Amino acid sequence: MNPVNYLYLAALLFTIGAVGVLVRRNAIVLFMCVELMLNACNLALVTFSRLHGNLDGQIIAFFTMVVAAAEVVVGLAIIVSVFRTRHSASVDDTNLMKL
Amino acid sequence: MTGMTLAAAIPPIPAPHIEYLQLSPMLAVFGAALVGILAEAFVPRRHRYATQVGIALAGLAASFGLILYLAQAGYATTKADLAAMGAVAVDGPSLFLQGVITLVAVVAVLQFAERRLEPRSGAGAAVDAFAPEAAAVPGSDAERRAATSGHATTEIYPLTMFAVGGMLLFPAASDLLTMFVALEVFSLPLYLMCALARRRRLLSQEAAVKYFLLGAFSSAFFLFGLALVYGYAGSVQFGQIARVVEGTATVTPALANTTGNDALLLIGLAMLGVGLLFKVGAVPFHMWTPDVYQGAPTPVTGFMAAATKVAAFGAMLRLLYVAFPGLAWDWRPVLWGVAILTMVAGAVIAVTQTDVKRLLAYSSVAHAGFILTGVIALNQHGIGAVLFYLAAYSFVTLGAFAVVTLVRDADGEATHLSRWAGLGRRSPLLAAVFALFLLAFAGIPLTSGFTGKFAVFQAAASGGAMPLVIVGVLSSAVAAFFYIRVIVLMFFSDPRADGPTVAVPSALTGTAIALGAVVTVVLGVAPEYFLHLANQASLLVR
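Reading the values: rules and limits
- Sequence order as written defines the numbering, with residues in each chain counted from 1.
- Chain letters and ligand numbers both follow the written order, the letters beginning at A and the numbers at 1.
- In keeping with the model being predicted, local features are shown solely for residues with a pLDDT of at least 70 and side-chain atom pairs are shown and tallied solely at 80 or more, while totals for entire chains, interfaces and linings include all residues.
- Water and hydrogen atoms were dropped before computing side-chain values, which therefore reflect all heavy atoms in the structure.
- UniProt positions are given in the numbering used here, feature names are shortened, and annotations may be inferred rather than shown by experiment.
- Using only the protein atoms, space was sampled on a 1 Å grid; points where a 1.4 Å probe fits but cannot get out form cavities, open sets with protein on both sides within 12 Å along at least five of seven lines form pockets, and lining residues are those with an atom within 4 Å of a point.
- Grid points are joined across faces, edges and corners, and a volume is the space filled by probe spheres set on the points.
- Charged residues are taken to be Asp, Glu, Lys and Arg, nonpolar residues to be Ala, Val, Leu, Ile, Met, Phe, Trp, Tyr, Cys and Pro, and polar residues to be all remaining types, Gly included.
- Between the N-to-C directions of two axes lies an angle of 0 to 180 degrees, each axis being a line fitted to C-alpha atoms and, for a helix, fitted only over the stretch in contact.
- Here a helix means four or more residues in a row that DSSP labels H or I, a strand means two or more in a row labelled E, and each is numbered from the N terminus.
- When an angle is under 35 degrees it counts as roughly parallel; over 145 it counts as roughly antiparallel; between 65 and 115 it counts as roughly perpendicular; any other value is oblique.
- Each crossing gets its hand from how the near helix is turned against the far one by less than a right angle, where anticlockwise is left-handed and clockwise is right-handed.
- By definition in these notes, contact holds between two residues if any of their heavy atoms fall within 4.5 Å.

By the naming in an unreviewed UniProt entry, chain A is NADH-quinone oxidoreductase subunit K, taken from Streptacidiphilus pinicola. Within the UniProt record for chain A, the comment given under Sequence similarities (unreviewed entry) is "Belongs to the complex I subunit 4L family." Turning to chain A, the UniProt record has this under Catalytic activity (unreviewed entry): "a quinone + NADH + 5 H(+)(in) = a quinol + NAD(+) + 4 H(+)(out)".

Shown next, in the form of structure tokens:
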């Protein structure tokens with residue numbers, strides 16, 4: 001199978017994630033969409049690694065996973081603390097500051 | 001037998017050669033962060049504050065000393081080179097910006113350590129500006145218990161050290177992967193630090209959520225840009241990317257295939273740009289700036305506003321000047337547009353603000369635009385001018401936010417502008433210092449702001465961006481209007497009877513403000529030495 005198809009899939013997943021961040025309202029779902037974007041990046045990296053025949057892309061994918069894990073730790077801590085305060089994870093409710 | 005043949009077929013992985021001396025400024029700061037975490041676990045609660053402040057300041061001092069040593073030993077000029085297998089560039093701009101970041105961090109740690117502004121806890125312990133127990137729900141019994149017993153979030157110091165370590169690495173990163181990791185290493189602690197305010201905790205948590213979600217979104221863009229550029233060039237090292245873009249690299253069949261597709265390169269660079277422009281707070285990626293600056297604890301805001309900008313502009317310079325000079329005809333027009341939008345929008349929206357912290361946030365947006373004009377210059381003067389501007393701007397910002405922490409009423413800081421009316425009559429010294437910072441923001445001669453603006457505009461003009469300079473000067477004039485309006489409000493209106501009080505700080509915040517004022521005046525009156533230094537440090541190694 002032509003590896004370029006994986007690139008189309010990666011672009012599609014990235015777009016789904018980006019649109020999800022823009023239209024969804026629940027902070028947890030937003031966060032999952034960001035994770036989807038990061039995984040789309042991983043797929044693209046591994047595919048390019050195959051195309052170029054060097055291992056850089058696969059190694060970067062490992063780094064991305066570690067970064068994504070660290071981001072989960074920090075992100076869930078913040079989202080959970082807000083949820084416990086407001087009993088809501090909707091980003092529309094966090095609107096004390098306006099222009 | 002098959003195991004044997006497999007083992008013979010795989011070439012041994014060479015152990016990487018690490019130049020520990022060149023990397024030592026970063027290692028010192030990361031070391032201090034790790035020691036800080038251990039101290040958090042093992043030192044008794046009543047000794048933690050002194051221990052953590054000591055560790056943080058020692059780490060920063062060691063780092064600054066090592067930077068000075070490296071600069072003295074010629075690593076900024078003749079011995080500038082790539083370290084750690086080409087991942088980190090140790091050269092003039094790196095060392096200059098690392099020096100600025102460590103100094104900024106020292107001043108920020110002094111402000112974090114300030115414990116005289118908040119009223120003492122029930123148990124009589126002095127407390128700082130951070131939540132007594134970040135995990136406790138605001139308004140709950142657990143929070144009240146923690147507050148009365150005088151607990152403190154001393155984790156702020158190791159978090160700061162991690163953020164500083166990432167910031168030191170960010171402008172020095174010489175491949176895209178290192179740059180991405182550095183971006184995350186300094187962003188993640190900052191998200192947490194935003195959520196730690198002692199007062200107005202809902203605002204603080206809201207700021208953290210917004211900063212985190214938007215920050216994670218933008219770094220996902222950066223990562224996809226990284227993937228596309230890697231796909232185009234087959235490498236993430238800046239030097240190799242530049243060679244592939246210019247067509248001087250040895251062409252493999254795979255490279256011949258991917259370099260035929262310019263979309264990979266252009267979309268990739270655009271997405272990398274989104275990630276970096278978000279971090280510097282340029283329009284149209286500035287939406288987080290006012291909310292996060294307002295909600296975060298004010299000492300953290302000052303640190304974030306100053307140090308993040310320094311690190312992110314350093315990284316932007318390296319990315320555009322080292323990896324993508326061959327694409328200048330493509331990225332310069334886009335950055336022209338972004339710079340004009342940023343300068344104009346920042347200055348115009350700031351006019352309508354009524355909160356001091358939001359006002360300073362929009363002013364920082366406008367300043368991002370001014371610094372971008374220096375980046376667009378695309379010549380060596382541009383690099384020197386940007387370095388000087390960053391150094392000047394960061395100390396003014398730190399000082400201005402330190403002043404904001406001192407003007408207080410019963411609810412904490414009185415940040416609404418109407419409360420600042422007549423401050424000059426009540427506390428002439430503080431108002432005069434704040435006026436000095438505002439004049440520096442506005443770019444009035446004899447302050448560091450004027451020298452910085454003059455340097456970047458001169459570089460932009462010599463780089464052929466004259467229209468940009470005209471827009472810059474005009475939006476400076478608009479910006480001067482609202483800075484001067486605040487000065488008029490402080491000095492020429494009557495103080496209100498129920499107005500805020502000006503807290504008397506300890507030597508810690510006092511030092512921070514005094515340093516900011518001294519740097520502002522010195523860089524304004526006698527800038528030659530520092531301009532020379534910045535120009536000398538303006539050679540990027542490839």
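Trainee: Which parts of the structure should I look at to understand empty space enclosed by the protein?
Mentor: Where empty space is left becomes clear once a probe the size of a water molecule has been rolled over the atoms. Residue and element names in this part refer to chain B. This model, assessed by the stated rule, comprises five cavities of 30 Å³ or more. Taken as a whole, the largest cavity encloses approximately 100 Å³ of empty space. Glu 114, Leu 117, Ala 129, Pro 299 and Thr 405 are, among the 14 residues lining the largest cavity, the residues nearest its centre. If you add up the space inside the second largest cavity, you get close to 80 Å³. Its residues placed into classes, the lining of the second largest cavity shows six nonpolar, four polar and one charged.

Trainee: Would you mind showing me how to read the packing of helix 6 (residues 156-169) of chain B against helix 7 (residues 176-194) of chain B here?
Mentor: In a packed pair of helices, the relevant descriptors are the angle between the two axes and the axis-to-axis distance. Residue and element names in this part refer to chain B. Relative to each other, helix 6 and helix 7 sit at 155°, their axes nearing to 8 Å. Relative to helix 7, the element helix 6 is oriented roughly antiparallel. Helix 7 is crossed by helix 6, and the crossing has left-handed handedness. Two secondary-structure elements touch here, helix 6 through Ile 156, Leu 159, Thr 160, Phe 162, Ala 163, Gly 166, Met 167 and Leu 169 and helix 7 through Thr 178, Ala 182, Val 185, Phe 186, Pro 189, Leu 190, Leu 192 and Met 193. The residue makeup of the contact of helix 6 with helix 7, split by class, is 13 nonpolar, three polar and no charged.

Trainee: It is not clear to me how the UniProt feature "transmembrane region" (unreviewed entry) in chain A should be interpreted in this structure. Could you clarify?
Mentor: All names here are of chain A. According to UniProt, the "transmembrane region" (unreviewed entry) feature falls on residues 6-23, 28-48 and 60-83. Helix makes up 100% of residues 28-48 and strand 0%, with an end-to-end C-alpha separation of 30 Å. Taken as a whole, residues 60-83 contains 100% helix and 0% strand, while its terminal C-alpha atoms sit 33 Å from one another.

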